[in-house]
Amino acid sequence: MLALWSVSFVLLCVWSQSYAQYEHLGYPPGYLDSSHDLYTAPELPADTPRIQLRLAGEKRKHNEGRVEVFYEGEWGTVCDDDFTIHAAQVVCRELGYFEAVSWFPSSKYGKGEGRIWFDNVHCTGKERSLAQCESNGIGVSDCKHTEDVGVVCSDKRIPGFKFVNTLTNNINSLNIQVEDVRIRPILSSYRKRVPVTEGYVEVKDGGKWKQICDDDWTQMNSRVICGMFGFPGDKRYNTRVYKMFARRRKPTYWDYSINCTGNEAHLSSCKLGHTLTIKANSTCELGTPVVVSCVPGRAFAPTPMSGYRKAFRQEQPLVRLRGGAVIGEGRVEVLKNGEWGTICDDNWNLVAATVVCRELGLGSAKEAISGGQLGQGMGPVHMNEVQCSGFEKSVTECPFNMDKDSEGCSHEEDAGVRCNVPAMGFQQRLRLSGGHNPFEGRVEVLIERNSSLVWGTVCGEGWGTMEAMVVCRQLGLGFASSAFQETWYWPGSVNADAVVMSGVRCAGTEMSLSHCLHHGEYLSCPKGGGRFAAGVSCSETAPDLVLNPQVVEQTTYLEDRPMIMLQCAYEENCLGSTSGATPANSYRRLLRFSSQIHNNGQSDFRPKASRETWVWHDCHRHYHSMEVFTHYDLLSNNGTKVAEGHKASFCLEDSECDEGIEKRYECANFGEQGITVGCWDTYRHDIDCQWVDITDVKPGDYTFQIVINPNYEVAESDYTNNIVKCRCRYDGHRIWMYNCHIGGSLGAETEDTFPGLINNQVTHR
């Protein structure tokens, strides 16, 4: 009996992973069970005008947009006068969404065309149709299209929703309105694959899953379906085997065909095709159920696919994402003239965002993000007013305003994307337990032991920020805010106390904790699990420190300073290794410079240690909130370190801020330390330890490198921009600093001129 239970449990988990691909679309748990028919089609009084609704407009997701009404053969809009969330609720429910989230006046989604059918709408929220709400009367309005109203509906659909068409013609102007959509694997070779890439396309309508007749199906439709589920493209499949399967099992067809242009990010943005004439035996007259076979991106491919690499992988990528909490999300950066820069959000929309996503081997875009919401970049703004057709292989091929690449644009307008990615079922193998809220707790993982799946803990020894980052990303909880090596205050699940994973070391970019280096079958955790199990706390936002390279370049100089004036610096190990043998009346040669450290992230940068644990340094008469805040290194042309320095964060504060932002942190009088978003902390060249001791360095050409937050003590949204590199020439008397740039800000070919350094990467521990 126990063995049977174990096998059943394993099958249940595999089944859950196979269908995990639908969770990210916002559908309610249990949607696979078609027995729950919670929706009943509205029965309207005979005198209620028969209308159809749709969402339209610019810069929108599939579940938001300008409200448009079809009446008497013409599409029109709704005026925002007296419109409320109750009216938005009626609109969203009529379209099959579970509820309204918000609404927007003043044509947020662009101005519509045609008549304004409703004005001064008053709804209670319980009406079954917008036509039942009180108004001036249908077609009676004194509004202009600058007052067109828009709504944002929940991703979640109404269980059992059934589309009811009241139009006798113009049906092809309606958007698809179904409860759900899925790719159902049919062949045994695909049923166990994660992610699911091939199978029937099925829509859920009226609480029942139905196939789609392939009579009018096009490759553009397949492109949209694959994009929804996180795949950049589709390919041909074996039609013969599916025809055999369809003959054996009688399909149940949906009543309509589908008409997509290929640019839609979601099926609900496609138009309805014509109504199908279904024969009594429920089969297509000339076809079979629609099948799609999607091509996964390289990171999600179950096996190496050379054809995919040719189509989608570039040896030198032209686009990358930065600052996002999860894979497929981030600020868009493009490579131009050997330098990485950003895209201005003027005219930025889902079509352009989808080009970016597909270029990166992901699906269509869920959201086109504007206003630097995912953190501000550095360097140039390369593109502005981007206009893509949707079928470009790279966003760099899209037309844009050549005359004003960055004119009038600042990094406050940096564009970003959120892409559809394949659901791999990773979330089902990890959980946080015992925390006071869903964003914190002891880390518990699901591991196969003796042919069964068991929950257990992760050894806390060596657990750090990078490992916590992977956990938070895997659970979709954003960034790590803290990593804990003891979790006695989070009891967790009693039956999961045993350690099942130890020696975990992550680079921070892995999609799953299981992808990190860790001990195999033979665990090593001297302190055991329980109170010494690993834990995390996650946050939806994180800071992002970036050093200004121009300030370093402009403030560099040499100083010969007598040893007698360097006693405090000597005590804090800020001098070279030979300084201990230096007489008090001799000099040390110091390479001095200023550091201007900006916080371009989405939350304030705070030291890891609380104020009560800061260390007092009597010599300099100040507290250190972080013992090592920056590393300063002088490297030879082969990457060998010839001189080094470091800086403790004795004072993290807001030296200056962007216009409109107030300073929050000041070190005076044992004040709170940190760097506010939009502010910067300046370590002037004339303060102690703001140098590298080059007394023993021979004349020559070198690379100067600065690394902020080198031990990853504080979580950031992007560690790749924590390095600044400069060319440096020293003739024994003078020094020249030039070509200073942020690590990873240049293309690979340009970065190759700095031998011995790894482009865009901080070596982990």
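Residues numbered from 1 in each chain as written. Predicted model: local features only at pLDDT ≥ 70, side-chain atom pairs only at ≥ 80, totals over all residues. Heavy atoms only, no water.

Asks: Break down the overall build of the protein for me, citing the residues and quoting the values.
Replies: If you tally the helices and strands in the protein, you get eleven helices and 39 strands. Within the span of the protein, comprising 765 residues, buried residues form 54% of the whole. Taking the intrachain contacts of the protein between residues at least 6 apart in sequence as the baseline, contacts between residues at least 24 apart amount to 72%. For the protein, the exposed area adds up to about 34,200 Å²; of that, 49% sits on carbon and sulfur atoms. (Helix = DSSP H or I, 4+ residues; strand = E, 2+ residues; numbered from the N terminus. Buried < 20%, exposed > 50% of the residue type's maximum accessible area, 1.4 Å probe, protein only. Contact = heavy atoms within 4.5 Å. Areas by Shrake-Rupley, 256 points an atom, 1.4 Å probe, with all protein chains shown as cover.)

Asks: I'd like a description of the confidence of the model for the protein, backed by residues and values.
Replies: For the protein, per-residue confidence averages 83 on the pLDDT scale, and residues scoring 70 or more make up 85% of the total. Low pLDDT, under 50, characterises residues 304-314; the stretch is placed with 18 contacts to residues that sit more than four places away or in other chains. Contacts for the low-pLDDT stretch residues 754-765, under 50 throughout, to residues beyond four places or in other chains number 39 contacts. (pLDDT = per-residue confidence, 0-100.)

Asks: Which residues make up the pattern of salt bridges, and what values go with them?
Replies: Tallied over the full model, the rule gives 28 salt bridges. In this structure, Glu-644 engages Lys-641 in a salt bridge whose closest nitrogen and oxygen atoms are separated by 3.3 Å. On the basis of relative accessibility, which here comes to 46%, the residue Glu-644 falls in the partly exposed class. Several salt bridges converge on common partners, so that one network encompasses Lys-61, Glu-329, Glu-367 and Arg-418. (Salt bridge = Lys/Arg side-chain N within 4 Å of Asp/Glu carboxyl O.)

Asks: Tell me about the state of the cysteines, and please be specific about residues and values.
Replies: One pass over the full model with this rule turns up 14 disulfides. The disulfide partner of Cys-260 is Cys-270, and the S-S distance across this bridge is 2.1 Å. The chirality of the disulfide connecting Cys-260 with Cys-270 is right-handed, given an S-S dihedral of about 110°. With Cys-260 in the loop between strand 11 (256-259) and strand 12 (271-275) and Cys-270 in the loop between strand 11 and strand 12, the pair connects residues that are ten residues apart, well separated along the chain. Each member of the pair, Cys-260 as well as Cys-270, carries the same accessibility label: buried. (Disulfide = S-S within 2.5 Å.)

Asks: So what's going on with the sheet that holds strand 28 (residues 587-592)? Which residues, and what values?
Replies: If you trace the three strands from one edge of the open sheet to the other, you get 27-28-36, paired in antiparallel fashion. At either margin of the open sheet sits one strand with a lone partner, and together these are strand 27 (557-562) and strand 36 (691-693). For this sheet, the mean angle separating the axes of adjacent strands, direction not counted, is 35°. When strand 27 meets strand 28, the two strands line up antiparallel, connected through six bridges. Along strand 28, the bridge assignment pairs Arg-561 with Arg-588. (Pairing = 2+ DSSP bridges. Axes fitted to C-alpha atoms, helices over the stretch in contact; angles between N-to-C directions.)

Asks: Describe the pairing of strand 6 (residues 150-153), listing the residues and the values that go with them.
Replies: Every second residue of strand 6 is oriented toward a common face, with Gly-150 and Val-152 on one face and Val-151 and Cys-153 on the other, all of them buried. Sheet topology places strand 2 (residues 64-71) next to strand 6; three bridges connect them, and they run antiparallel. Considered in strand 6, the bridge of Arg-66 is made with Gly-150. Where strand 4 (residues 100-104) meets strand 6, four bridges bridge the pair, whose relative direction is antiparallel. Note on strand 6: the bridge partner recorded for Ala-100 is Cys-153.

Asks: Please provide a residue-by-residue account of the side chain of Arg-320, values included.
Replies: Mapped onto the elements of the fold, Arg-320 is located in strand 14 (residues 319-322). Side-chain polar atoms of Arg-320 contact the side chain of Glu-333, separated by 2.9 Å. (Polar contact = N/O pair within 3.5 Å; in protein donor to acceptor, adjacent residues only side chain to side chain.)

Asks: Give me helix 4 (residues 219-228): which residues, what numbers.
Replies: Most of helix 4 sits inside the fold, with eight of its ten residues counted as buried. The complete set of buried residues in helix 4 reads Asn-221, Ser-222, Arg-223, Val-224, Ile-225, Cys-226, Gly-227 and Met-228. Where helix 4 is buried, its residues touch strand 7 (180-184), strand 8 (198-205), strand 10 (233-234), strand 11, strand 13 (291-295) and helix 7 (350-359). Looking one or two residues past helix 4, Gly-230 carries a phi angle of roughly 90°, positive in sign.

Asks: So what about the nonpolar core? Which residues, and what values?
Replies: With 32 residues, the main nonpolar core has Ile-597, Phe-605, Phe-629, Leu-634, Val-692, Ile-694 and Phe-704 as its most contacted residues. Elements with a minimum of two residues in this core: strand 26 (545-547), strand 32 (630-635), strand 37 (700-708), strand 38 (723-730) and strand 39 (735-742). Excluding residues within four positions of it along the chain, Phe-704 makes contact with Val-552, Leu-591, Phe-593, Tyr-632, Asp-633, Leu-634, Val-692, Val-724, Lys-725, Cys-726, Cys-728 and Met-737. (Core = buried A, V, L, I, M, F, W, Y, C linked by side-chain atoms within 4.5 Å.)

Asks: Any details on the pairing of strand 3 (residues 74-78)? Residues and values, ideally.
Replies: Counting buried residues along strand 3, four of its five residues qualify, which places the element largely inside the surrounding structure. By the bridge criterion, four bridges tie strand 2 to strand 3 in an arrangement that is antiparallel. Among the inter-strand pairings, Glu-68 is bridged to a residue of strand 3, identified as Thr-77. Hairpin connection from strand 2 to strand 3: two residues lie between these consecutive antiparallel strands, with Glu-72 at a positive phi of about 50°. Inspection of the sheet shows strand 3 paired to strand 5 (residues 116-118) by two bridges, in the parallel sense. Note that in strand 5 the partner of Thr-77 across the bridge is Ile-116.

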